[in-house]
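# Secondary and tertiary structure notes
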Amino acid sequence: MPKGSNQKLKLYYLYKILHDKTDDNHKLTMPEIQEHLEVYDVSADRKSLYDDLNALRELGFDVIGEKDGRNFYYHMGSKELEIAELKLLVDAIQSSKFITEKKSNELIKKLTGFVSDFEASGLKRQVVVQGRIKTMNESIYYTVDELHSAISHNHKIRFDYLKWNLKKEMVKRKDEKYEVSPWALSWDDENYYLIAFDAEAGKIKHYRVDKIRNVEILDERRQGKEHFQNFDMAAYARMNFGMFGGKEVKVKLRFKNDIVGVLLDRFGKDITIRPTQEEGWSEANVDVALSEQFLGWVFSLGTNIKIVGPEEVVQRFSGDINAIKGLY
């Protein structure tokens, strides 16, 4: 049999054919594999293909051969990522607000390379998420890379922090740049946040990454290490509703037993729940960053929950309700 021009790449093209054209539901016979190889100008007899298939198995690829009726079929079994895992990743990408529509499509296209052509078509689906707004900041990917670099090399950073105005334009929050020590990145409430130490304020702060621009990595070493030695990112995210900061307080909540799942989802299973004298009601103390977002969360639960203490939080919530009532 005359050799083709790409004969040296035969093993690679054999792998590509099995990867792209086969899966558990789509298989190829030996003659069909030979036909696909001819497209790449690679010739192969049966004996050499048997050796090549065994070579792929020795390299760790799950090449399966099985008899079905009168024919013998080959296909690729398990791959780098299973289809169920990829569907989960695709759904997360499509539903994520901080990933732009353009970048979502690019990432999903790359993910389809992990499965066969047939399975790839099943990944190109739309996840319906009510009111989804995709961020318009394409530079977020480069910003994230710079932030990771600063964190890994233990350097402070300087950047512009933006906000929206009524003309739907992103403008600087203040003329001077922000200067902080970056320590972590967190994905919470559908947004990416930088968790950093502000030496001037002497406390931990967080910033929306999609609103950060013009990052400069400084020569100065980071500060605030002592604040992050026992830092619990999950607890920090639970405490800050929508990642809006505020005074840290321990709030006592009284709630109907029917909504206990809402509190566990929000604050975790470590909170202590105590029954009250009133049947069907319980209480729990939770740590929160006191903000309008926290009070709004309580308000959204209506008559199923009540703030019991401390008194300053009760008075603030009561005052907010009266202020809202005054608007109507």
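Before reading further, recall that the structure is shown in the block above.
Under the definition given, this model contains 13 aromatic pairs. On the basis of an interplanar angle of 40° and a centroid distance of 4.8 Å, the ring pair of Y15 and F61 is categorised as tilted. In this pair, Y15 sits in helix α1 (residues 10-21) while F61 sits in the loop between α3 (46-58) and β2 (63-68), placing the two residues 46 residues apart along the sequence. Looking at F61, the relative accessible area reads 31%, which means it is partly exposed. On the basis of an interplanar angle of 70° and a centroid distance of 5.5 Å, the ring pair of Y161 and Y178 is categorised as edge-to-face. Of this pair, Y161 sits in strand β4 (residues 155-164) while Y178 sits in strand β6 (residues 178-188); the two residues are 17 residues apart in sequence, bridging distant segments of the chain.

Looking now at the sheet that holds strand β1 (residues 28-29). Pairing is antiparallel across the open sheet formed by three strands, whose spatial order is β1-β3-β2. Here the strands that pair on one side only, and so sit at the sheet edges, are β1 and β2. Pairing of β2 with strand β3 (residues 71-76) involves six bridges; the strand directions are antiparallel. Each bridged residue has a counterpart across the sheet, and for K67 the counterpart in β3 is F72. Most of the contacts of α1 go to β3, to which it runs at about 90°, and overall it touches β1, β2 and β3.

Before going further, it helps to examine helix α7 (residues 140-152). The terminal C-alpha atoms of α7, which comprises 13 residues, lie 18 Å apart, in line with the 18 Å expected from a rise of 1.5 Å per residue. Looking at the residues trailing α7, positive phi occurs at N154, about 65°.

So, about the pairing of strand β8 (residues 203-208). With six bridges connecting them, strand β7 (residues 191-198) and β8 associate as antiparallel partners. Following the sheet pairing, L194 is matched in β8 by Y207. Counted between consecutive antiparallel strands, the loop separating β7 from β8 contains four residues, among which G202 sits at a positive phi close to 70°.

Cut-offs applied
- Residues numbered from 1 in each chain as written.
- Predicted model: local features only at pLDDT ≥ 70, side-chain atom pairs only at ≥ 80, totals over all residues.
- Heavy atoms only, no water.
- Phe/Tyr/Trp six-rings, centres within 6.5 Å; stacked < 30°, edge-to-face > 60°.
- Helix = DSSP H or I, 4+ residues; strand = E, 2+ residues; numbered from the N terminus.
- Buried < 20%, exposed > 50% of the residue type's maximum accessible area, 1.4 Å probe, protein only.
- Pairing = 2+ DSSP bridges.
- Contact = heavy atoms within 4.5 Å.
- Axes fitted to C-alpha atoms, helices over the stretch in contact; angles between N-to-C directions.
- Expected span 1.5 Å × (residues − 1).

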